[in-house]
Amino acid sequence: MRVPLFSMPLVKAWMNLIGLSAGSAVLTMGGLSAEMTALAILLIALAKARVILVRYLGLDEAPGVLRGFTLVLGLFAVLVLGLYLV
Amino acid sequence: MNDSSVIDDLPGELMMWVLVVSELLVFGAGLLAFLGVRLTDPAGFTEAQAHLHCTGAALNTGVLVTSGFLAAQALHWRQADARLAARLAMGAAAALGVVFLWIKGVEYANKAEQGIGWDTHPFFTFYYLLTGFHAAHVVAGVLLLLLVAWKDSPRNIEAGAQFWHMVDLVWVLLFPVVYLLR
């Protein structure tokens, strides 16, 4: 039986997601102010969302839609940060 | 002018994209409402949040991300006509979905042992509402992954994987807001 190969772009996307998740965990251990931690955590969440949209949901084939998602998720993150910091 | 080109570019099932956008809007509104209510009692929310088991939730992030990878890999293999590998990858993705639910169940049981319910504090009302609704999607996703592993046309596998990535996407936005922002 032919053993199928893993897709390297998918493997890289998975490694990025695991690395970014580990980054979030490290951030919660302290060292930064609450505001900077929140900003960094939200930026990491946006980066993870973008990896899923581009690599897993295939939006690299639809750059216009990807821009729309990026804009709306960016606005969501700004609202979250604003409500958190008030 | 070609108004349909953006829609035509979308990979996979259009109705799945409608679902993805709908779910993101519902969960996004829920998370913003959660943060809005937090403004009325920030100290109480911080105190309540301290009862959450962040390690379990972080572990669940890894589980769901890995499961999403396997679902994406299943589609890649199915498109390359490696049907058995695709089915096994979908089955493994579903199994990790069950692991996610088990960890979530342990988390809920831990809250129950502490006497924490949905009406203990507004924080927990949102916590159970948001994570419970997400867990319900995980249950639906596990069933869908198993269904498409059985009925494994490329189109079915793609639709199942799309649903699962939506569940993954919601979690990567929900997790930091509910668990990490303190």
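The model shown is predicted, which means the values in this text are computed figures rather than measured ones. (Residues numbered from 1 in each chain as written. Chains lettered and ligands numbered in written order. Predicted model: local features only at pLDDT ≥ 70, side-chain atom pairs only at ≥ 80, totals over all residues.)

Peer 1: A description of the interface of chain B and chain A should follow, citing residues and the corresponding values.
Peer 2: Contacts between chain B and chain A engage 36 residues on the former and 31 residues on the latter. Elements that contribute at least two residues to the side of chain B that touches chain A include exactly α1 (5-9), α2 (14-38), α4 (54-79) and α7 (154-180) of chain B. Ranked by residue count, the leading element in the side of chain B that touches chain A is α4 of chain B, at 12 residues. (Contact = placed C-beta atoms within 7 Å. Helix = DSSP H or I, 4+ residues; strand = E, 2+ residues; numbered from the N terminus.)

Peer 1: Hey, could you go over the packing of helix α1 (residues 8-27) of chain A against α4 of chain B for me, with residue numbers and the actual values?
Peer 2: Look at α1 of chain A against α4 of chain B: their axes get within 10 Å of each other, and the N-to-C directions meet at 170 degrees. Looking at the two axes, α1 of chain A sits roughly antiparallel to α4 of chain B. Together, Leu10, Trp14, Leu17, Ile18, Ser21 and Ala25 of chain A of α1 of chain A and Ala58, Thr61, Gly62, Val65, Thr66, Phe69, Ala72, Gln73 and His76 of chain B of α4 of chain B make up the contact between the two elements. For the contact of α1 of chain A with α4 of chain B, the class distribution of residues is 9 nonpolar, 6 polar and no charged. (Axes fitted to C-alpha atoms, helices over the stretch in contact; angles between N-to-C directions. Parallel < 35°, antiparallel > 145°, perpendicular 65-115°, else oblique. Nonpolar A, V, L, I, M, F, W, Y, C, P; charged D, E, K, R; others polar.)

Peer 1: Can you tell me about α4 of chain B, naming the residues and giving the values?
Peer 2: In this model, α4 of chain B (26 residues) spans 38 Å end to end at C-alpha, consistent with the 38 Å of a helix rising 1.5 Å per residue. Of the residues flanking the end of α4 of chain B, it is Asp81 of chain B, one or two places downstream, whose phi is positive at about 65 degrees. (Expected span 1.5 Å × (residues − 1).)

Peer 1: Could you give me a rundown of the nonpolar core, with the residues and numbers involved?
Peer 2: One finds Ala74, Met90, Ala93, Leu145 and Leu173 of chain B to be the most contacted residues of the largest nonpolar core, which totals 76 residues. Of all the secondary-structure elements, those providing two or more residues to this core are α1, α2 (34-56) and α3 (63-85) of chain A together with α2, α4, α5 (83-113), α6 (122-150) and α7 of chain B. Counting residues per element, this core draws most heavily on α7 of chain B, which supplies 18 residues. The contacts of Leu145 of chain B, once residues within four sequence positions are left out, are Ala71, Met90, Ala93, Ala94, Gly97, Gly160 and Trp164 of chain B. (Core = buried A, V, L, I, M, F, W, Y, C linked by C-beta atoms within 7 Å. Buried ≥ 20, exposed ≤ 12 C-beta atoms within 10 Å, placed from the backbone.)

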